[in-house]
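Report on the structure
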Amino acid sequence: MELLHPQLTAFATVLEEASFDAAARRLSVTPSAISQRIKALEDRLGQVLIIRQTPCRPTPAGKKLLRRVKPMLVLETEALQDFTDASTTDFPQQRITLAVNDDSLATWVIAALAELHEQSGFLFEIIVDDQDYSLALLRDGKAIGAITAESSAIQGCNVHALGTMRYMAVASPRFAARYFSHGVDATSLATAPMLAFNRKDELQTRFIRTVTGRELTPPTHYLPTSIGFMDATARGMGWCMAPDSLVNPALKQGNVQLIKPEVWLDVPLYWQHAAVRSSTLACITRALMAASKTMLHDMPREER
């Protein structure tokens, strides 16, 4: 049973499943029916909403509509649950799309997701992006909430301070002896191979700028895995910035060492979500706030 107009449900499902055929299978209708609903919705609004290619993508107008429809789907599920026998087993589980930075996913977010699934049966679709870019996924309607470095709430959203993730610069003892035996300075940082998560990752660049006051272009590996960062660092592929919650166990084992112990970078993290009165979003917010306290540092008062 649907409370939302079938055209809106079809629109959101096509973009979630990335194709008309997959949306049709999920909604138990024909691809032709999905196509007719999308075309009727586009005719009503007078704008093309979906770019019909593989995978399907929203147009700018589609992104604007999707951002409005996502919270409506959450509220629809909550409303239906209010009128459904709690003992029933055939009620569809709710799937929540969140944008999360990989370091949070690797250190503390999984605990919150597991608790939410255990308590409420939520299913999750996690989209991973850098904390400086994850907010765009919320703005475009791809996610209902995002863990981000942005403290200012975007239009139509609420923001909650989570805490600060502290990043330390590390390298294997052998790597440090080879490249940093005479100090960590512009000369050594310009030649020592560096690990970056992807081309959006600016933490290492910020560290270099903090230490040297200069823009350098060292040889760089791009390795999009937080856990793999520590393994690659321990194996001597390069130096990197990593969260202290991942660094500390490796330090105790002697696999890595701090290359500049007196310098670290603190990245404040925030949880932003659609500003609707939703018990689902309230539950997710409580779980994320609780889990973040286990791994993140307290945030300076002026950044809360």
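Residues numbered from 1 in each chain as written. Predicted model: local features only at pLDDT ≥ 70, side-chain atom pairs only at ≥ 80, totals over all residues. Heavy atoms only, no water.

As recorded in an unreviewed UniProt entry, the protein goes by the name Transcriptional regulator, listed as coming from Zymobacter palmae. Note on the protein: under the UniProt heading Sequence similarities (unreviewed entry), the record states "Belongs to the LysR transcriptional regulatory family." (UniProt positions renumbered as here; feature names shortened; annotations may be inferred.)

1. Regarding helix α10 (residues 226-234)
Every buried residue of α10 is listed here: Ser226, Gly228, Phe229, Met230, Ala232 and Thr233. Among the residues of α10, the N-terminal cap falls to Thr225, whose side-chain oxygen and the backbone nitrogen of Gly228 are separated by 3.0 Å. Looking one or two residues past α10, Gly236 carries a phi angle of roughly 85°, positive in sign. (Buried < 20%, exposed > 50% of the residue type's maximum accessible area, 1.4 Å probe, protein only. Helix = DSSP H or I, 4+ residues; strand = E, 2+ residues; numbered from the N terminus. Polar contact = N/O pair within 3.5 Å; in protein donor to acceptor, adjacent residues only side chain to side chain.)

2. Remarks on the nonpolar core
Counting 46 residues, the largest nonpolar core has Trp108, Phe180, Phe207 and Trp239 as the members making the most contacts within it. The next biggest cluster of nonpolar side chains, apart from the first, holds 21 residues, and it includes Ala10, Ala12, Leu65 and Leu66. (Core = buried A, V, L, I, M, F, W, Y, C linked by side-chain atoms within 4.5 Å.)

3. Observations regarding the pattern of salt bridges
Summed over the entire model, instances satisfying the criterion amount to 13 salt bridges. The residue Glu16 makes a salt bridge to Arg95 at a minimum N-O spacing of 4.0 Å. Here Glu16, found in helix α1 (residues 6-17), pairs with Arg95, found in strand β3 (residues 95-100); they are 79 residues apart in sequence, far enough to count as distant. Across the salt bridge formed by Glu215 and Arg209, the nearest N and O atoms sit 2.9 Å from each other. Because the salt bridges share partners, they merge into one network encompassing Glu16, Glu17, Arg26, Lys70 and Arg95. (Salt bridge = Lys/Arg side-chain N within 4 Å of Asp/Glu carboxyl O.)

4. Some remarks on the domain arrangement of the protein
How big an interface is tends to be stated in terms of the accessible area lost upon association of its parts. Domain boundaries assigned for the protein yield domain 1 (1-92) and domain 2 (93-303). The C-alpha centroid of domain 2 is placed 32 Å from the C-alpha centroid of domain 1. On the side of domain 2, 21 residues touch domain 1, which itself brings 14 residues to the contact. Of the roughly 1,400 Å² buried at the junction of domain 1 and domain 2 (both faces included), carbon and sulfur atoms supply 51%. For the pair domain 1 and domain 2, the interface holds two residue pairs in polar contact (both at pLDDT 80 or more). Here the element with the most residues in the side of domain 1 that touches domain 2 is helix α4 (residues 60-82); it accounts for nine residues. Split into classes, the residues belonging to the side of domain 1 that touches domain 2 amount to six nonpolar, one polar and seven charged. (Domains from an automatic or database assignment. Contact = heavy atoms within 4.5 Å. Buried area = accessible area lost by both parts, 1.4 Å probe. Nonpolar A, V, L, I, M, F, W, Y, C, P; charged D, E, K, R; others polar.)

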